[in-house]
Structure formats: C-alpha cells, structure tokens
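A look at the structure
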Amino acid sequence: MFMWRACSSSLPTKTNLFNRGMLSSNSCPVCQEEANTILHILRDCPYARSAWFKSPLHKFSNPLRVSVWSDVVEEVLREQCKHTIEVFFTLAWIIWGHRNNAWLQKPSVAADCLGEKAVAYKEEYRVVLRKVEDSSSVMVHKWRPPPAPSVKLNVAMTLFRARNSVGMGAMIRNYRGEFITRYCEEFPRSQDGL
Ligand SMILES: [Zn+2]
C-alpha cells in the first residue's frame, strides 16, 4: 500500500502539500536543501543515499538512474529477485518513516543501520507469515468428516470483552465434508448462551 501510494504521488510529501497551498515551504525536513518530493525522500536525499549505500542494495544509491520514482520501482520489479524486491520495499518504507520522524522532530536513526533493519523486518514478517500458514494448515487437517450417513456439527464460542457479549458460531457438514448450513449470533454475556 505504501509503495502504491509512493508510485502514484499520493503520499503527503511537503511538495504535495505545498502544491495544494497547505504549507509555505516544500524544503526537505531531513537535509533542508531540496524540494521534498518522493524521489528526493526515498533516493536522492543524502540520508536516503547513505541508507541505500550501506545496505545490501547499494546499487540503488546511484542518483543518475531514472528520474521518476515509479520508474525506479518498475525497474526493480522487472530486474530483481523476490528477496531483493522485498528488502527494497521495506527499506524505502523505513526511509519514509525516518523522514516523518525528522519532520515531527523525533530522534533519528543512523542511516547506515537501516539496511540491516530492513532485512531483519522482512525476515521477521516471513517467519510470522509461515507460522500463520502452518497453523491454518493444521486446522484444515485436523477436521475429519463423520462416518456416512451422519452429519457433523462444529461449534465455537468467543468472548467480546469490550462489548460484554458472547459470539457463537456453528457449522454442519455431511460425511463427504460438504457444507450444509451455518449459524452465528452475538448475545449479551448475562444470558446463558448454550
Ligand atoms: Zn533531503
């Protein structure tokens, strides 16, 4: 979502806000020298260049490549492997976060450790994703259809603490595992749900 917004110039860069009359200056809050466009923030600002240069993606620190951010991304998508694309997207997002911090005068992080941070974030995300996939496949394999010609009723309940209510759901499937019907309802906690 971040990269889509970056490529379609819909991120609230100072230049975008300046062009809409919402700011009186469009200078970069990080280097104070150039217009705060998306290409400047993510590639040409000295901070961004340093972050790319010290990362495994140092070739992207070259400012003489294409001059529109979406072209940079297009080139990366066309020429790089999945791992590099993921690190590239993550590092760009972290650099954008740094620019926001600089604008809000929050403490900044040294540019040379961002590459490592991006790789770690990306790996962490991949591990979490794998855990989610593993747990869902366990759920699928645990369920067994009943012997013919029976049907099986599965029931689950959950507590919604904020609303002080209970949610209940049930599903009936036949011996071939085919879905027959379902039921779900939310009711106050004071009632006896069962
Ligand atoms: Zn700058």
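Residues numbered from 1 in each chain as written. Predicted model: local features only at pLDDT ≥ 70, side-chain atom pairs only at ≥ 80, totals over all residues. Heavy atoms only, no water.

Looking at an unreviewed UniProt entry, the chain carries the name Reverse transcriptase zinc-binding domain-containing protein, with the source organism given as Fagus sylvatica.

Focus on the overall build of the chain
For clarity, the threshold we go by: Under the DSSP-based scheme used, a helix requires at least four consecutive residues in state H or I and a strand at least two consecutive residues in state E, with every element numbered from the N terminus. Only C-alpha atoms enter the radius of gyration; for comparison, a globular chain is expected to reach 2.2 Å times N to the power 0.38, where N is the number of residues. Think of it in three bands: with a 1.4 Å probe and only protein chains considered, a residue is buried below 20% of the maximum accessible area for its type, exposed above 50%, and partly exposed in between.
Helix and strand counts for the chain stand at 7 helices and 3 strands. Secondary structure elements of the chain occur, N-terminal to C-terminal, as α-α-α-α-α-α-α-β-β-β. Computed over C-alpha atoms, the radius of gyration of the chain comes to 25 Å, more than 25% over the 16 Å expected from 2.2 N^0.38 for 194 residues, which places it beyond the range of a compact globule. Dimensions of the chain, computed from C-alpha atoms along their principal axes, come out at roughly 75 × 40 × 30 Å. With 194 residues in all, the chain has 31% of them scored as buried.

With respect to the coordination of the zinc ion
Definition in use: Here a donor is an N, O or S atom found within 2.8 Å of the metal, or within 3.2 Å if the metal is Na, K or Ca; sites may look incomplete because water is not among the atoms. Each label reflects the angles at the metal, where four donors whose angles all fall between 85 and 135 degrees are tetrahedral, four or six donors whose opposite pairs open beyond 155 degrees and whose other angles stay between 65 and 115 are square planar or octahedral respectively, and the rest are irregular.
The coordination sphere of the zinc ion, as far as protein atoms go, consists of Cys-28 (SG), Cys-31 (SG), His-40 (NE2) and Cys-45 (SG), spread over 2.1 to 2.3 Å. Coordination at the zinc ion comes from 4 donor atoms whose angles at the metal span 101 to 121°, giving a geometry best classed as tetrahedral. All donor residues of the zinc ion come from one chain, and their arrangement in sequence is C-x2-C-x8-H-x4-C. With respect to burial, Cys-28 and Cys-31 carry one shared label: buried.

Let's talk about the domain arrangement of the chain
One widely used convention gives an interface's size as the accessible area the parts lose upon coming together. We apply this condition: Where each domain starts and ends comes from a domain assignment, either automatic or drawn from a database.
As far as domains go, the chain holds domain 1 (2-140) and domain 2 (151-188). When each unit is reduced to the centre of its C-alpha atoms, the spacing between domain 1 and domain 2 is 43 Å.

Some points on the pattern of salt bridges
Spelled out, the test is: Definition used for salt bridges: Asp or Glu carboxyl oxygen within 4 Å of a side-chain nitrogen of Lys or Arg.
Applying the stated criterion across every chain, the model contains 7 salt bridges. Note that Lys-82 and Glu-86 form a salt bridge whose closest N and O atoms lie 3.1 Å from each other. Of the two residues, Lys-82 and Glu-86 are both situated in helix α6 (residues 82-103); the distance of 4 residues between them amounts to about one turn of the helix. In this structure Lys-82 comes out as exposed when scored by relative accessible area, which is 62%. Residues Glu-186 and Arg-163 are paired through a salt bridge, measuring 2.8 Å at the closest nitrogen-oxygen approach. A residue pair is termed long-range when its members are at least 10 positions apart, and Glu-186 in strand β3 (residues 179-188) and Arg-163 in the loop between β1 (151-160) and β2 (165-174) qualify at 23 residues.

Looking at the nonpolar core
In plain terms, the rule: Note on terminology: a nonpolar core comprises buried Ala, Val, Leu, Ile, Met, Phe, Trp, Tyr and Cys residues joined through side-chain atoms within 4.5 Å.
Of all hydrophobic cores here, the largest spans 31 residues; its most connected members are Leu-42, Trp-52, Trp-69, Phe-88 and Ile-95. If you list the elements that add at least two residues to this core, you get α1 (2-7), α3 (38-44), α4 (46-53), α5 (69-79), α6 and α7 (114-142). Considering each element in turn, this core owes the most residues, 8 residues, to α6.

Things to note about the sheet that holds β3
As a reminder of what qualifies: Two strands pair if DSSP finds at least two bridges between them. Inter-axis angles, ranging from 0 to 180 degrees, are taken between N-to-C directions of lines fitted to C-alpha atoms, where helices are fitted over the stretch in contact.
On the basis of which strands lie adjacent, the open sheet formed by 3 strands has the order β1-β2-β3 and antiparallel pairing. Because the sheet does not close on itself, it has two edges, and the strands there are β1 and β3. When strand polarity is set aside, the average angle formed by the axes of neighbouring strands in this sheet is 10°. Here β1 pairs with β2 via 10 bridges, running antiparallel. Bridging across to β2, Phe-160 finds its partner in Ser-165.

Quick look at the pairing of β3
Both β2 and β3 contribute to a ladder of 9 bridges, which runs antiparallel. In the strand pairing of β3, Arg-173 is matched with Phe-179. Counting the residues between successive antiparallel strands, the hairpin from β2 to β3 contains 4 residues, one of them, Gly-177, with a positive phi of roughly 85°.

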